[in-house]
Amino acid sequence: MSASLPIRIFTPQGMLGYGYDLADFHRTVEEGVDLIVVDSGSTDPGPYMLGLGKTLVTVESYARDLRPMLRAVADHRIPLVISSAGGAGTDEQVARMTDLVDRLADEEGLSLRVVTIGADMPADVVADRLARGLIEPNVRGELPSEKDVREATGLVAQMGAEPFLEILATGEPFDVIIAGRAYDPAPHAAFALHHGVEPGIAWHMGKILECGGACAEPKGGGVVATVYRDRFELSPSGPAQRCTPLSVAAHTLYEKSRPDLLPGPGGVLDVRACVYEAVDERTVRVRGSRFLPSDHPVLKVEGAAVVGHRAAFIGGIHDPVLIAQLDTFLERVERQAGQLHPELAGGTASLAFHVYGRNGVMGPLEPSTAVPHEVGILGEVTAESPELALAICTTVRIGCLHLSYPGQMATAGNMALPLNPMESPIGPVCAFTLYHLMDARDLDLFPVAHRQVGRIPAEEATR
Amino acid sequence: MTATVPLKDLAEVIRSKNAGPYEITFDVMFTDADRYAHVRDSGVLNPTALASLYSVTESDVRTCQFFEPALAFKLTLVRHGDQGSIGERDTFGAQQHGPLLDILVPVPAPAPGEEARS
């Protein structure tokens, strides 16, 4: 990373493991890029990755996507950054991603210098800051309890640009950075900041790049940013795609609470004076973004815990007599199941019916009152143990199948069941117990470690 | 003389998505500056009407804002329940935009949505 401005940063895909076009990848790398960054995590898929340590995709998918990137690292000496490794970016997921990179490097005959950054948060630190009033309520006005902090099975903080900047400041060479949980734009922004790019430009570029070609039309694939001190230019890596002023402006406000001010670690990205201009048919120039630094460091802390065990069944109802009285029927099924399972009646277990074809997606907010000709029923049971969840789920499924109802003509069974066994354990259910901003003054977080992976270099092996 | 056109005939993108686990955000985006200005000036996308449309209280409306640089309107609501947990219906919040599609926007007759679409 001795490049002078402009630097070219390439994000080949919006999420590691989702697959990408190899021809586009190789062509873009051949055209010359200074850095490859790929995001590997999100809270959007829900709390299970943080709560259970599971990854977003399988190791095979990670390996398929990483192998060409690692070859590019070795063949072209392009550094690679993988951030929010594994989905939640826990220390364990960083270690597993590092092991995978080690294995792939070995298989490819490569020797790579890897830097890891941990993002696990010690529960003591968070509990102490909570007690001292240094954690802000979330947007619903809720604070975590000390129990939430202590019992979280996964507890991380979103790092900002600082850990990456510290690695770059040492000047120590590396090939791959594998970072734990990071604010999505942080690695891109850090490299730009390191090269003297204005903070507003650096953070705005990171915000766009972290989703890959989501800023292009049609969306998908990868994107390259050519970054100057006071502007950046975006081109999609797919030849049939275009970045347009509107597609880039639109992506700037994607999944953000406000369209104009985008808060993150270290400050707020202000895009109110931003200008988006077409450079050519598929390239857009962005300038005018500003960064309003916060007066002290604030980090978002994420915690998740197991809140129960789930079992589920899926069935379809086609009978119009039953569909016409579905709500009262399902209430009767639940009441009957509650008589057999006091945990359900008492509230330590729960049942949710998702009625697809009617209001399965929007629930009570569904405005349509149209009567469907058939509905799908997902019965979701959560209880304190997997065994109890399955037992209640079985009772509910039998109730849906066989409970009689007024006007019944089809007396042989109420529901079409596609799966066998008809109900299934789904596993533990998690919940986010923390997703809160914490005052991060005077904390030494995000430990950095260096290691060599893959084949041991010849000079070291013979030493 | 006025008529009405559903919002889906004037906008290019109408979408919903989580903004973190405690908020859901809706974007209405336009390719045509005149249509953007027309919808903005019509006043139909206001906090009271949208809170009512989604059966939430107005205090749950955290952003209700037009943003000219992107020819976009953004609505952000507090997300209730536990994202990705018990009883979840839409983990990514990506299919909650439906009620916005059919919001009726007053237009001078005949409807420009019909002319300009051709």
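The rules we used
- Residues numbered from 1 in each chain as written.
- Chains lettered and ligands numbered in written order.
- Predicted model: local features only at pLDDT ≥ 70, side-chain atom pairs only at ≥ 80, totals over all residues.
- Heavy atoms only, no water.
- Helix = DSSP H or I, 4+ residues; strand = E, 2+ residues; numbered from the N terminus.
- Contact = heavy atoms within 4.5 Å.
- Phe/Tyr/Trp six-rings, centres within 6.5 Å; stacked < 30°, edge-to-face > 60°.
- Buried < 20%, exposed > 50% of the residue type's maximum accessible area, 1.4 Å probe, protein only.
- Buried area = accessible area lost by both parts, 1.4 Å probe.
- Polar contact = N/O pair within 3.5 Å; in protein donor to acceptor, adjacent residues only side chain to side chain.
- Axes fitted to C-alpha atoms, helices over the stretch in contact; angles between N-to-C directions.
- Parallel < 35°, antiparallel > 145°, perpendicular 65-115°, else oblique.
- Nonpolar A, V, L, I, M, F, W, Y, C, P; charged D, E, K, R; others polar.
- Salt bridge = Lys/Arg side-chain N within 4 Å of Asp/Glu carboxyl O.
- Pairing = 2+ DSSP bridges.

## Remarks on the environment of Pro6(A)
All names here are of chain A.
Then, in step 1: Along the polypeptide, Pro 6 turns up in the segment before strand E1 (7-11).
Then, in step 2: Between the C-alpha atoms of Pro 6 and Met 121, which are 115 residues apart in sequence, the distance is 36 Å.
Then, in step 3: When neighbours within four sequence positions are excluded, Pro 6 is seen to be in contact with Asp 34, Thr 226, Val 227 and Tyr 228.

## Some details on the packing of aromatic side chains
Then, in step 1: One pass over the full model with this rule turns up 12 aromatic pairs over all chains.
Then, in step 2: Ring centres of Phe432(A) and Tyr435(A) lie 6.3 Å apart, and the angle between their planes is 55°; on these two criteria the pair is classed as tilted.
Then, in step 3: With relative accessibility at 9%, the residue Phe432(A) sits in the buried group.
Then, in step 4: What links up through ring pairs into an aromatic cluster is the set Phe30(B), Tyr36(B), Phe66(B) and Phe73(B).

## Focus: the interface of chain A and chain B
Then, in step 1: The interface is formed by 46 residues belonging to chain A together with 42 residues belonging to chain B.
Then, in step 2: The largest per-residue losses of area from chain A upon contact with chain B belong to Asp44(A), Val139(A) and Arg140(A), which jointly make up 18% of the total buried on that side.
Then, in step 3: Remark: the boundary between chain A and chain B carries 18 residue pairs in polar contact (both at pLDDT 80 or more).
Then, in step 4: The set of elements that each furnish at least two residues to the side of chain A that touches chain B consists of helix H10 (245-252), strand E14 (298-317), strand E15 (350-356), strand E16 (375-383) and strand E17 (423-439) of chain A.
Then, in step 5: Per-element accounting of the side of chain A that touches chain B gives the leading share, 7 residues, to E17(A).

## Observations concerning the packing of helix H9 (residues 199-209) of chain A against H10(A)
Residue and element names in this part refer to chain A.
Then, in step 1: Following both chains from N to C, one finds H9 and H10 inclined at 95°, their axes separated by 9 Å at the closest point. Taken as axis vectors, H9 and H10 run roughly perpendicular relative to one another. Residues His 204, Lys 207 and Ile 208 of H9 lie in contact with H10, whose contacting residues are Val 248, His 251 and Thr 252.
Then, in step 2: Of the residues belonging to the contact of H9 with H10, the class tally is 2 nonpolar, 3 polar and 1 charged.

## Section: the pattern of salt bridges
All names here are of chain A.
Then, in step 1: Evaluated as defined, the whole model comprises 42 salt bridges over all chains.
Then, in step 2: The partner of Asp 75 in a salt bridge is Arg 71, and the shortest N-O contact between them spans 3.5 Å. Here the residue Asp 75 and the residue Arg 71 both occupy positions in helix H3 (residues 59-76), the gap between them amounting to 4 residues, near one helical turn.
Then, in step 3: The exposure class assigned to Arg 71 is partly exposed, which follows from its relative accessible area of 30%.
Then, in step 4: Its salt-bridge partner being Arg 132, residue Asp 128 comes within 2.7 Å of it at the nearest N-O pair.
Then, in step 5: What you see here is one network of salt bridges that share partners, running through Arg 67, Arg 71, Asp 75, Arg 103, Glu 107 and Glu 108.

## Describing the pairing of strand E5 (residues 154-157) of chain A
Two faces belong to every sheet, and in a regular strand the side chains alternate between them.
Residues and elements named next belong to chain A.
Then, in step 1: By the alternation rule, side chains of E5 split into Gly 154 and Val 156 and Leu 155 and Ala 157, which are all buried.
Then, in step 2: With 4 bridges connecting them, E5 and E14 associate as antiparallel partners. Following the sheet pairing, Ala 157 is matched in E14 by Val 301.

The values are spatial; any link to function lies outside them.
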